[in-house]
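A look at the structure
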Amino acid sequence: MEALMRRRRLVAGLLGLVVAGGALSGTAAARGGLAQAMAQEAAGQRVIYSYPGLTPPESLLARIRAGEAAGVIFFGENISSSTQIRGVVAQLRAAAAQSPNAKPLLLMTDQEGGLVRRLPGEPAMSHKDIGLAADPGAAAAAAGRGAGQNLAGVGMNVNLAPVLDVFHAPGDLMDSYERSFSSTAAVVGDLGANYVSAQQGVGVAATVKHFPGLGKANADQNTDTRAVTLNVPLATLRSVDEAPYQKAIAAGAKLVMLSWAVYPALDASRPAGLSATVVQQELRSRDGFTGVTITDALEAKALQGYGNTGNRAVLAAAAGCDLILAAARDVSQGDAVTDALAGALADGTLDSGAFGAALTRINALRTALT
């Protein structure tokens, strides 16, 4: 009897999530295993999928048709030309049109400029080029506008740019790839805000990254390849590294990507994207961000000490990351994230109220990009 009552409470909570969050279609109730089916649909709508090669596999299209995907990230290996990727986007949108969720997919890539571009074309200038331009403010706006127009031209609606990391020394991690506007926080903040405003002005959402900042990382401190701890004093972290985010938030940036580095001044026990202290207290409460949070790539080597794909995803969601980025070019990685989130929601590991709030933010973003 007690087990039956717990199940009824769970179903009631999930139904409440559907109604209060406005996040789910409700058609999951028609499928077998009511609670699990609803949890599965809710979970998928927090996952950004990736896939290998030039053609999206049927397994990804099936997830999209079921309403169990928030979106897709594209990499260089997925793109042979603007015409080709435009056709892929049309295929993904056709699958989404058959899903119970009428909101547009979040279709994204890293089109920062310079060395980091997945699409041919704008912006040609790197962040470093922009910072050194004769008129940096105008160059930043032109880059943001060019990136937005380029993505919109092939049907994408989210750019994982600009980068707001304030580099600390020539040749450090961000400077070596020309991904930082400047070593001065005020300059990075101003140029980042210009980029954000111009890009979003043409209908493509901006993602500022990597909060609270990777500017202090040396050339060998890459979270893609290893665990990284940045021992930055709290006063410096807030006055230098976080300062550009406040300007970007004021400019209306739609998304913030979290770093996988550990910042002992904020939380010595976990990387930023797995830390409720960083996401909830620092970014949301202190810096006032109310939009969508997204993880960096879940397969990053910085997370080797945090279990398998599913465990990492649950930790990130519990910390307050709305979207989980499954970027390994493997649909099964996204499926593992969805299954883990669904299980954690169904068994109460993840709070249904917080889950619903995340879905509400995600769906508000998707609606705004219609």
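Residues numbered from 1 in each chain as written. Predicted model: local features only at pLDDT ≥ 70, side-chain atom pairs only at ≥ 80, totals over all residues. Heavy atoms only, no water.

**Examining empty space enclosed by the protein**
Using the following cut-off: Put simply, the grid is 1 Å and covers the protein atoms alone, a cavity is a trapped set of points that fit a 1.4 Å probe, a pocket is an open set with protein on both sides within 12 Å along at least five of seven lines, and lining residues have an atom within 4 Å of a point. Grid points are joined across faces, edges and corners, and a volume is the space filled by probe spheres set on the points. The classification used treats Ala, Val, Leu, Ile, Met, Phe, Trp, Tyr, Cys and Pro as nonpolar, Asp, Glu, Lys and Arg as charged, and all other residues, Gly among them, as polar.
Counted by the stated rule, this structure contains one cavity of 30 Å³ or more. Estimates place the volume of the largest cavity at around 50 Å³. What lines the largest cavity is simply Ile64, Gly67, Glu68, Ala69, Ala96, Ser99, Asn101, Lys103, Leu105 and Arg366. Of the residues belonging to the lining of the largest cavity, the class tally is four nonpolar, three polar and three charged.

**Some points on the packing of aromatic side chains**
Spelled out, the test is: Stacked, edge-to-face and tilted labels apply to pairs of Phe, Tyr and Trp rings (six-membered ring for Trp) whose centres lie within 6.5 Å, assigned for plane angles under 30 degrees, over 60, and everything in between, in that order. Strands are runs of DSSP state E lasting at least two residues, helices are runs of H or I lasting at least four, and both sets are numbered from the N terminus onward. To sort residues, take the accessible area from a 1.4 Å probe on protein chains only and compare it with the maximum for the residue type: under 20% means buried, over 50% means exposed, and anything in between is partly exposed. Here, a charge over a ring is recorded when the distance from Lys NZ or Arg CZ to the ring centre is within 6 Å and its angle to the ring normal is within 35 degrees.
All chains considered together, the criterion is met by two aromatic pairs. The interplanar angle of 90 degrees and the centroid separation of 6.3 Å between the aromatic rings of Tyr51 and Phe74 together place this pair among those described as edge-to-face. Here the residue Tyr51 occupies a position in the loop between strand 1 (47-49) and helix 3 (58-65), and Phe74 occupies one in strand 2 (residues 71-74), the gap between them amounting to 23 residues. Of the two residues, Tyr51 and Phe74, neither departs from the other in class, the shared state being buried. Pairing Phe211 with Tyr245 gives two aromatic rings, centres 5.0 Å apart and planes at 85 degrees, and the pair type is edge-to-face. Placement of the pair is Phe211 in strand 5 (residues 205-211) and Tyr245 in helix 10 (residues 243-250), with a sequence separation of 34 residues. Tyr245 carries the same exposure label as Phe211, and that label is buried. In this structure, Arg329 is placed above the aromatic ring of Phe75, and the distance from its NZ or CZ to the ring centre is 3.6 Å.

**Details of the sheet that holds strand 10 (residues 324-325)**
Under the convention used in this document: Strand pairing is assigned whenever DSSP identifies at least 2 bridges connecting the two strands.
In spatial order, the strands read 9-6-5-4-3-2-1-10; together these eight strands make up an open sheet with parallel pairing. With one partner strand each, in any of the chains shown, strand 9 (292-294) and strand 10 form the two edges of the open sheet. As paired elements, strand 6 (residues 255-258) and strand 9 share three bridges and run parallel to each other. Each bridged residue has a counterpart across the sheet, and for Met257 the counterpart in strand 9 is Ile294.

**Concerning the pattern of salt bridges**
Side chains that differ in charge, positive against negative, can pair when their charged atoms come close. Keep this limit in mind: Any Lys or Arg side-chain nitrogen found within 4 Å of a carboxyl oxygen on Asp or Glu counts as a salt bridge.
On inspection of all chains with the given rule, the structure shows 18 salt bridges. Look at the salt bridges and you will find they share partners, linking Asp110, Glu112, Arg118, Arg179 and Lys209 into a network.

**Description of the environment of Val163**
Stated precisely, the cut-off is as follows: When checking whether two residues touch, look at their non-hydrogen atoms; a contact exists if any pair is within 4.5 Å.
Tracing the backbone through its elements, the reader meets Val163 in the loop between strand 4 (158-159) and helix 7 (173-176). Between the alpha carbons of Val163 and Met174 there is a distance of 9.1 Å; along the sequence they are eleven residues apart. Beyond its immediate sequence surroundings of up to four residues, Val163 is in contact with Glu112, His127, Met174, Arg179, Phe181, Lys209 and His210.

**Section: the packing of helix 6 (residues 136-154) against helix 8 (residues 185-201)**
Rule in force here: Only C-alpha atoms enter the line fits that serve as axes; for helices the fit covers just the stretch in contact. Angles between N-to-C directions range over 0 to 180 degrees. Here a crossing is taken to be left-handed if its near helix is turned anticlockwise relative to the far helix by less than a right angle, and right-handed if that turn runs clockwise.
Closest axis-to-axis distance for the helix 6/helix 8 pair is 7 Å, and the angle between their directions is 35 degrees. Regarding helix 6 and helix 8, the two cross each other, and that crossing is right-handed. The residues of helix 8 that touch helix 6, namely those facing Pro136, Gly137, Ala140, Ala141, Ala143, Gly144, Arg145, Ala147 and Gly148, are Leu191, Asn194, Tyr195, Ala198 and Gln199. For the contact of helix 6 with helix 8, the per-class residue count stands at eight nonpolar, five polar and one charged.

**Some thoughts on helix 11 (residues 276-286)**
Operational definition: In this context, the arc is that of the directions from the helix axis out to the C-beta atoms. Contacts described as polar in this section are N or O atom pairs within 3.5 Å, which, within protein, must combine one atom able to donate a hydrogen with one able to accept it, while residues neighboring in sequence count only if both atoms come from side chains.
Those residues of helix 11 that sit buried are Val278, Val279, Glu282, Leu283 and Arg284. End-on, the buried residues of helix 11 take up no more than an arc of 160 degrees, which puts them together on one face. For helix 11, the N-terminal cap is Ser275; the gap from its side-chain oxygen to the backbone nitrogen of Thr277 is 3.3 Å. Phi turns positive, to about 80 degrees, at Gly288, one or two residues after helix 11.

**Considerations on the packing of helix 3 against helix 13 (residues 331-346)**
Contact geometry for helix 3 and helix 13: axes closest at 9 Å, N-to-C directions at 35 degrees. The two elements helix 3 and helix 13 cross, and the hand of that crossing is left-handed. Two secondary-structure elements touch here, helix 3 through Ser59, Leu60 and Arg63 and helix 13 through Val331, Asp335, Thr338 and Asp339. Classifying every residue of the contact of helix 3 with helix 13 by side-chain character gives two nonpolar, two polar and three charged.

**A few points about the environment of Tyr177**
Along the chain, the position of Tyr177 falls in the loop between helix 7 and helix 8. For the pair formed by Tyr177 and Ala66, sequence separation is 111 residues and the distance between their alpha carbons is 39 Å.

**With respect to the nonpolar core**
Considering soluble globular proteins, one finds that nonpolar side chains tend to be buried as a cluster. Filter applied, for reference: In these notes, a set of buried Ala, Val, Leu, Ile, Met, Phe, Trp, Tyr and Cys residues joined through side-chain atoms within 4.5 Å is what counts as a nonpolar core.
Of all hydrophobic cores here, the largest spans 92 residues; its most connected members are Ile64, Phe74, Ile85, Leu92, Met156 and Leu341. With eight residues, helix 13 is the single largest residue contributor to this core. Counting residues in hydrophobic clusters, the runner-up holds 20 residues, among them Ala205, Val292, Ala297 and Ala327.

**Remarks on the pairing of strand 6**
Side chains Leu255 and Met257 of strand 6 all project onto a buried face; the interleaved residues Val256 and Leu258 project onto the opposite face, where all are buried too. Where strand 5 lies against strand 6, three bridges are found, and the strand directions are parallel. When the sheet's bridge partners are listed, Val208 is paired in strand 6 with Val256.

**Topic: the environment of Arg238**
Turning to its location among the elements, Arg238 is positioned in helix 9 (residues 234-241). Between the C-alpha atoms of Arg238 and Pro212, which are 26 residues apart in sequence, the distance is 8.4 Å. Apart from residues lying up to four places away in sequence, Arg238 is in contact with Ala243, Glu282 and Arg286. Side chain to side chain, Arg238 and Glu282 meet in a polar contact 2.7 Å long.

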